[in-house]
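Breakdown of the fold
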Amino acid sequence: MAQAMRPQSSISLFATDGKSHPLQDTLLAITVVLGAVAFITAFWHHLHLLSSWAGLIGILTGAYGQFISVTTRERFALIIGLGASAFGFLLGMAHGGLFGGWLG
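Cut-offs and rules
Residues numbered from 1 in each chain as written. Predicted model: local features only at pLDDT ≥ 70, side-chain atom pairs only at ≥ 80, totals over all residues. Heavy atoms only, no water. Helix = DSSP H or I, 4+ residues; strand = E, 2+ residues; numbered from the N terminus. Buried < 20%, exposed > 50% of the residue type's maximum accessible area, 1.4 Å probe, protein only. Contact = heavy atoms within 4.5 Å. Areas by Shrake-Rupley, 256 points an atom, 1.4 Å probe, with all protein chains shown as cover. Phe/Tyr/Trp six-rings, centres within 6.5 Å; stacked < 30°, edge-to-face > 60°. Patch = residues over 30% accessible without salt bridge, like charges linked within 9 Å, V, L, I, M, F, W, Y side chains within 5 Å. Salt bridge = Lys/Arg side-chain N within 4 Å of Asp/Glu carboxyl O. Axes fitted to C-alpha atoms, helices over the stretch in contact; angles between N-to-C directions. Parallel < 35°, antiparallel > 145°, perpendicular 65-115°, else oblique. Left-handed = near helix turned anticlockwise from the far one by under 90°. Nonpolar A, V, L, I, M, F, W, Y, C, P; charged D, E, K, R; others polar.

Quick word on the overall build of the chain
For the chain, the helix and strand inventory stands at three helices and zero strands. Across the 104 residues that make up the chain, the buried fraction comes to 34%. Long-range contacts, defined as pairs at least 24 residues apart, comprise 77% of the intrachain contacts of the chain with a sequence gap of at least 6. Total accessible area on the chain is roughly 6700 Å²; 73% of this is exposed by carbon and sulfur atoms.

As structure tokens, then:
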């Protein structure tokens, strides 16, 4: 039972294995920020370009982040960002799409 009482030397917000994951943390931050932007701007139909593009890029970065994620905390936060990105993307597409009449 000695291993159960081992003190944690450093508690990181994103890495539960004690190692740094700069690429995964960067993708996580980008996905969460883009998800928040897409989610918030999706409620105004005239911001459909911003919400659809932010949502699409957030979905792509979140999917790649899920593919290379290492810890459960990274995966959990990526799912939150992916959900917000998908919500914003889909409402942005419903309000006018990625190009909004620019192509014809």
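Having put the structure on the table, let's press on.
Examining the packing of aromatic side chains
Under the counting rule described, the total for this entry stands at four aromatic pairs. On the basis of an interplanar angle of 85° and a centroid distance of 5.3 Å, the ring pair of F39 and F43 is categorised as edge-to-face. The class of F39 is partly exposed, set by a relative accessible area of 35%. Between F39 and F87, the ring centres sit 4.9 Å apart and the planes meet at 40°, which makes this aromatic pair tilted. You can see F39 sitting in helix α1 (residues 22-41) and its partner F87 sitting in helix α3 (residues 72-95), a full 48 residues away along the chain.

Notes on a nonpolar patch on the surface
Judged by side-chain polarity, F39, I40, F43, W44 and F87 come together as a nonpolar surface patch covering roughly 500 Å² of accessible area. Looking at the element boundaries, I40 is found in helix α1. Accessibility expressed as a relative area gives 48% for I40, which makes it partly exposed.

Details of the packing of α1 against helix α2 (residues 48-68)
Following both chains from N to C, one finds α1 and α2 inclined at 150°, their axes separated by 8 Å at the closest point. In terms of orientation, α1 and α2 fall into the roughly antiparallel class. In this structure, the crossing between α1 and α2 has a hand that is left-handed. Residues L23, Q24, L27, I30, T31, L34, V37, A38 and T41 of α1 form the contact with α2, whose participating residues are L50, S51, A54, G55, I57, G58, T61, G62, Y64, G65 and I68. Of the residues in the contact of α1 with α2, the class split is 11 nonpolar, nine polar and no charged.

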